[in-house]
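One letter stands for each residue in the lines below.
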Amino acid sequence: MQETTTIAAISTPYGKGGVALIRISGPDAVSIASNIFYPKGCKTLSAAPANTAVYGIISSDGNQIDDGIATVFYAPRSFTGENTVEISCHGGIFVTEQVLRAAFEAGAVPAGPGEFTKRAFLNGKLGLTQAEAIADVLDAHSEEMLKLSSAGSRGVLGKEIERLSDAICSLIAETYVNVDFPDEDLSYMDKTEMTTRLDAVLADIETLEKTYKTGRAIREGIETVIAGKPNTGKSSLLNLMCGTDRAIVTDIAGTTRDLLEEKVIVGKITLNLCDTAGIRSAKDAVEKIGVEKAEAKIEKADLILAVFDSSSPLDRFDADIINRINSLSAAKIAIINKSDLPSQMDPYQIESIFDKIVYLSAATGEGKEELFSCIEELYTTGEIDYNTTAVIANARQHAAIKKATSHVKDALRAIHAGYSDELAASALELALGELAEIDGRQVSEQIVNEIFHHFCVGK
């Protein structure tokens, strides 16, 4: 997967601005840039000191395009690990495109999505978890996601994967020493010691695996559905949680007929929040479609916020919703709405069904903070020190860590069952391979291309 071409792209957002940056990277980056950038104070750009910004003229075919600043980075001391030149010009759309076109005419080729970061990975400047975290920094939609992504880009997760890999590698090596050289006093690790060390590795891997619950809640968001019969205040709850009048609210039952979706930050976590049509026997074809959509959304939800009207007793429509969600694996919070009105509902009838019960008035906002705290408690455990705590942040990483956990358990089962040490070591080699895939030390080109395909051009 090593690259030999020299690529160029605009690395600042498209549009009018104060400054734009054109990045050129590859073996011919300096010579290509020297053909379009002429520094003041030295004859050529290649003669300019490395890692130092120099002022000069940007031109093509003898025609001046703009003046600007260029910085030269020589391999391996650059972001990509290659020779790199970054040219800053005035941030007009046309002038920026002209500078980029000049770079192409001088020999550079257009960079693909995320190709600069991909080259940094291929050249060993950063691990795959760091590259993924850089993409998350760009996509961060909350302060907590930015903290998580920044920690990943600094290599916190990568270092933990490396530590676990070293521990497993040491166990494999000592096992094979015992097997291959039984009569030599090179290493001796009895089954008790191996089991103890494996138990410690398994505990650490399982701890890391469990962080995905929080990592996913912060990065990807929890698929959350507001459900209930008509006129319980579902749309009012959506508006309260969004902090804006996202949904139309009336006293007419069945006002909401389609799905309304919003991304909502609740403390540290993100909810992919969906308001649904009230569950009841539909009165017309349009409402029937809305109810069917609501039922399908509930089936796939990770978190269900079931809304009940405390000003009236539970009825058969409430019972139908309770029966529908009772068997689902999603987390469930019962929201007893309209708490500002005299209560006619007995909450003891539903308390065994739900993980938490919250009393709330969507009209006044009373109970909102309690609801947010309950949701946050379901997916986070106290404060996270991102400088020291590694967190699994996406589905690819989680799938690999789950497989690694399974293989370590297989190794322990082999030891306890009295099978040969080689069998346990073989299982550990599979675990080691899964950990290597997380940080890119052993990963297919297809996966690498898929990851970087989601980056923006110029990064």
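This report concerns the structure included in the present document.

Rules and cut-offs
- Residues numbered from 1 in each chain as written.
- Predicted model: local features only at pLDDT ≥ 70, side-chain atom pairs only at ≥ 80, totals over all residues.
- Heavy atoms only, no water.
- Buried < 20%, exposed > 50% of the residue type's maximum accessible area, 1.4 Å probe, protein only.
- Helix = DSSP H or I, 4+ residues; strand = E, 2+ residues; numbered from the N terminus.
- Contact = heavy atoms within 4.5 Å.
- 1 Å grid on protein atoms, 1.4 Å probe; cavity = no way out; pocket = protein on both sides within 12 Å on 5 of 7 lines; lining within 4 Å.
- Points joined across faces, edges and corners; volume = space filled by probe spheres on them.
- Core = buried A, V, L, I, M, F, W, Y, C linked by side-chain atoms within 4.5 Å.

## Comments concerning helix α3 (residues 115–122)
Then step 1. For α3, the buried fraction is high: 8 of the 8 residues fall into the buried class.
Then step 2. All of the buried residues along α3 are Glu115, Phe116, Thr117, Lys118, Arg119, Ala120, Phe121 and Leu122.
Then step 3. Against the buried residues of α3 lie β1 (7–10), β2 (17–25), β7 (109–110), α4 (128–139) and α14 (445–453).
Then step 4. Gly124 lies just past α3 and shows a positive phi near 75°.

## So, empty space enclosed by the protein
Then step 1. The full count for this structure, using the stated rule, is 3 cavities of 30 Å³ or more.
Then step 2. Taken as a whole, the largest cavity holds about 130 Å³ of empty space.
Then step 3. Lining the largest cavity are 17 residues; nearest its centre among them are Ala133, Leu148, Gly152, Val391 and Ala393.
Then step 4. If you list the elements that add at least two residues to the lining of the largest cavity, you get α4, α5 (143–153) and α6 (156–180).

## A closer look at the nonpolar core
Then step 1. Formed by 38 residues in total, the largest nonpolar core has its most connected members in Ile168, Leu198, Leu208, Val408, Leu428 and Leu435.
Then step 2. Residue assignment for this core shows that the elements contributing at least two residues are α5, α6, α7 (191–219), α12 (395–416) and α13 (421–438).
Then step 3. Excluding its chain neighbours within four sequence positions, the residues that come into contact with Leu198 are Leu171, Val408, Ala411, Leu412, Ile415 and Leu428.
Then step 4. Judged by nonpolar contacts, the second largest core, of 28 residues, contains Met241, Val266, Leu273 and Ile375.

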